[in-house]
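Chain by chain, the residues:
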Number of protein chains: 2
Amino acid sequence: MLTITVEELIRLTALALRKSGASQPMALAAAKALVAADMEGLPTHGVSRTSLYAQHLREGRADGKAKPRIAKRSGATCLVDACGGLAFQASAIAVTEAVKRARRHGIAMSGVMNSHHFGAAAYHLTPVADAGFVGIAFSNAPSAINAWGGKKPLFGTNPIAAIFPRRNKSPIIVDLSLTEVVRGKIMLYAKEGKPIPVGWALDSEGKPTTDARVALAGSLAAVGGMKGTMLALIVEVVCCALTGAAFSFESDSYFAPGGKPRIGHSFIVINPDGLAGTEYYYSRLEVMIARMLAEEGVRLPGSRRHAAVTKARATGIEISESLHEELIQLSA
Amino acid sequence: MLTITVEELIRLTALALRKSGASQPMALAAAKALVAADMEGLPTHGVSRTSLYAQHLREGRADGKAKPRIAKRSGATCLVDACGGLAFQASAIAVTEAVKRARRHGIAMSGVMNSHHFGAAAYHLTPVADAGFVGIAFSNAPSAINAWGGKKPLFGTNPIAAIFPRRNKSPIIVDLSLTEVVRGKIMLYAKEGKPIPVGWALDSEGKPTTDARVALAGSLAAVGGMKGTMLALIVEVVCCALTGAAFSFESDSYFAPGGKPRIGHSFIVINPDGLAGTEYYYSRLEVMIARMLAEEGVRLPGSRRHAAVTKARATGIEISESLHEELIQLSA
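Going along each chain's sequence as written, the residues are numbered from 1 onward. For naming, the first written chain is A and the first written ligand is 1, with later ones following in the order written. A pLDDT threshold of at least 70 governs which residues receive local features in this predicted model, and a stricter bar of 80 or more applies before side-chain atom pairs are shown or counted, although totals over entire chains, interfaces and linings include all residues. The basis for the side-chain values is all heavy atoms of the structure; hydrogens and waters are excluded.

**Thoughts on the packing of helix α8 (residues 226-241) of chain A against helix α9 (residues 278-293) of chain B**
And then number 1: Axis lines are fitted through C-alpha atoms, for helices just across the contact stretch, and the angle between N-to-C directions can take any value from 0 to 180 degrees. A run of H or I in DSSP counts as a helix once it spans at least four residues, and a run of E counts as a strand once it spans at least two, with each numbered from the N terminus. Where α8(A) contacts α9(B), the two axes come as close as 10 Å, and the packing angle between them is 140°. Here α8(A) is positioned oblique relative to α9(B), judged by the angle of their axes. Of the two elements, α8(A) crosses α9(B), and the hand of that crossing is right-handed. Between α8(A) and α9(B), the residues in contact are A:L233, A:E236, A:V237, A:C240 and A:A241 and B:Y280, B:Y281, B:R284, B:L285, B:M288 and B:M292, respectively. Any angle that is under 35 degrees is reported as roughly parallel, and any over 145 degrees as roughly antiparallel; angles of 65 to 115 degrees are reported as roughly perpendicular and all others as oblique. Helix crossings are classified by the rotation of the near helix relative to the far one: an anticlockwise turn of less than a right angle makes the crossing left-handed, while a clockwise turn makes it right-handed. Residue contacts are counted whenever heavy atoms from the two residues lie within 4.5 Å of one another.

Structure, rendered in structure tokens:
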């Protein structure tokens, strides 16, 4: 392992994406998002993804020259076309518009279509909390979860994130995907030849399996079984049928040859002033938090991320030497 | 069992609530909602609840004279005060306002505070689908689920429902609570002295238990473990901190002596015209549905409800003789 400053890791990652065909603003937006995940202690969504993004940029599965644009806006809604580029600029535009519209109307929603890997879902919501608003984010993804009773992956891992600002404190952050475990965990078991626990994945007949290799050819189990598949369906419709994005089953896996994913994201922003009021919201949220923290063993969602960010700012980010080497080679 | 017509069951249920102290409109709104659940094949949320509602009305835990009112409205948001009455009139007002505002602004949200048992969550969303809009409903409930790592119930069962209208067809309906199983199921095991499966509930130390009696003194397991508790937290903040409702941990169990629950509900209504457009939404939703139904064993969420309603309209509703007797006594 070696330690690298936040600034240097952003510079290196942006350069790697730039050399792979991304425009300067696209590369910088993606690099900041990936490094933010590393800072938050989420390395699976951090700069370890750079080589995949770079490969997609070179193969045209992500259009490095894309300039995301607002396709439609009126009232409390906005639709952004990512134009086949990486997800981060388009999502930032969508969130900016939603915050602006929620300030006026009390609630707003933005959709993003023609997009790519969402990264860590809650990342996009930071400006929502900064504005003092509540944010909810959804994304679809290449198919991973069966419809209930089915055999073939149909819905994506379909993450749901939410951010709840606090007065003078770091926000509560919820961020979860709708699978029981991430695919990478099963890949690790397959590599090591170990059996996976029941409940993680299904074989290609939709039956539970403990064989990691069989699982990788099958599908991921939805969190909580049927209820997880129902939540994945909600995310699918909200991110795709409403926005113009491709459904998860229309989108090629990131890990096999294919075309542009063209997936979608949705952001809902709520201004507490439209309901019981901002001061009321802040004070009542603290009542809930106090009750949670009164119990030993309970932590606030997001607290580990905030602690990790503070540490990363002070002492830098640890990455493996091989990952560092990979970034250097991509930047050359 | 005996068979009773829909109209007669509504009349009888409304009369039972009326005699227990509910105003005529409150009694009728609640009776229609309860009978709708029986029609949909959801007897746990049907007229079997009448005696509990009646008891709450007599004890003042639900105010039969309450007239729900709009506490605040502007732009795309609306806040309704149920004023301590049953949930159905207030929720109907909230949904009507949200539909009206979504028509103008593209998205809208209504909150309800000072409310009571939500009934079957998706019921409230019927007018949303009738308007051709997408609806999402949330409610909190007296505490049932621990915060992750905690020992005491803190969040409610916190149902999430969604409705997705189809062109000239019955809508897709998703309706789920965030517990692994309903409490009634564990009550049944306790009564029969049978052990419950691991994963349904926790003891009062927050540890998994297979003893149904111990489980009833402990808490219900969140669906999918930690992820279920995170979703319950989202619902809790959206239904309470934003609206003025009591948190689940501030609300007394329906099944023990206590005060008014004062819980909250939230409704988000999305007008597809604000995003990719209504015609686009309808046609793309059918693409997803066709893909789902192409697989043997997959059914559309809500399809059983629609079939049950058709049957109930044609042939009436079956209820037990003891339940019928109970309704007659309450109506006397």
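That covers the picture; the talk isn't over yet.
**What about the interface of chain B and chain A?**
And then number 1: With 73 residues of chain B at the contact, the number on the chain A side is 73 residues.
And then number 2: Each partner contributes to the roughly 6100 Å² buried at the junction of chain B and chain A, and carbon and sulfur atoms together form 73% of this total.
And then number 3: Summed over both partners, the accessible area (1.4 Å probe) lost when two parts come together is defined as the buried area. It is B:K227, B:L242 and B:L275 in chain B that bury the most area against chain A; as a group they hold 12% of the surface buried on that side.
And then number 4: Think of a salt bridge as a Lys or Arg side-chain nitrogen and an Asp or Glu carboxyl oxygen that are within 4 Å of each other. Between the two partners, chain B and chain A, sit 2 salt bridges.
And then number 5: As used in this structure description, the phrase polar contact means that two N or O atoms lie within 3.5 Å; if the pair is within protein, one of them must be able to donate a hydrogen and the other to accept it, and residues adjacent in sequence are counted only when both atoms belong to side chains. At the junction of chain B with chain A, the criterion picks out 24 residue pairs in polar contact (both at pLDDT 80 or more).

**Details of the side chain of B:S20**
All names here are of chain B.
And then number 1: Tracing the sequence through the fold places S20 in the loop between α1 (6-19) and α2 (24-39).
And then number 2: S20 gets classed as buried once you look at its relative accessible area, which sits at 7%.
And then number 3: Those residues in contact with S20 that sit more than four places away from it in its chain are A54, L57 and R58. Partly exposed describes any residue whose relative accessible area lies between the buried limit of under 20% and the exposed limit of over 50%, with all areas from a 1.4 Å probe on protein chains only and scaled to the type maximum.

**Examining the sheet that holds strand β5 (residues 134-139) of chain B**
All names here are of chain B.
And then number 1: Any two strands between which DSSP finds at least two bridges are classified as paired. Read from one edge to the other, the open sheet built from 7 strands follows the order β2-β3-β4-β12-β5-β8-β9, with strand pairing classed as mixed. Each edge of the sheet is formed by a strand with only one pairing partner; in this case those strands are β2 (69-74) and β9 (169-176). Strand-to-strand twist across the sheet, computed as the mean angle between neighbouring axes with direction ignored, equals 15°.
And then number 2: As paired elements, β5 and strand β8 (residues 160-166) share 4 bridges and run antiparallel to each other. From the neighbouring strand, G135 faces β8, where its bridge partner is I163.

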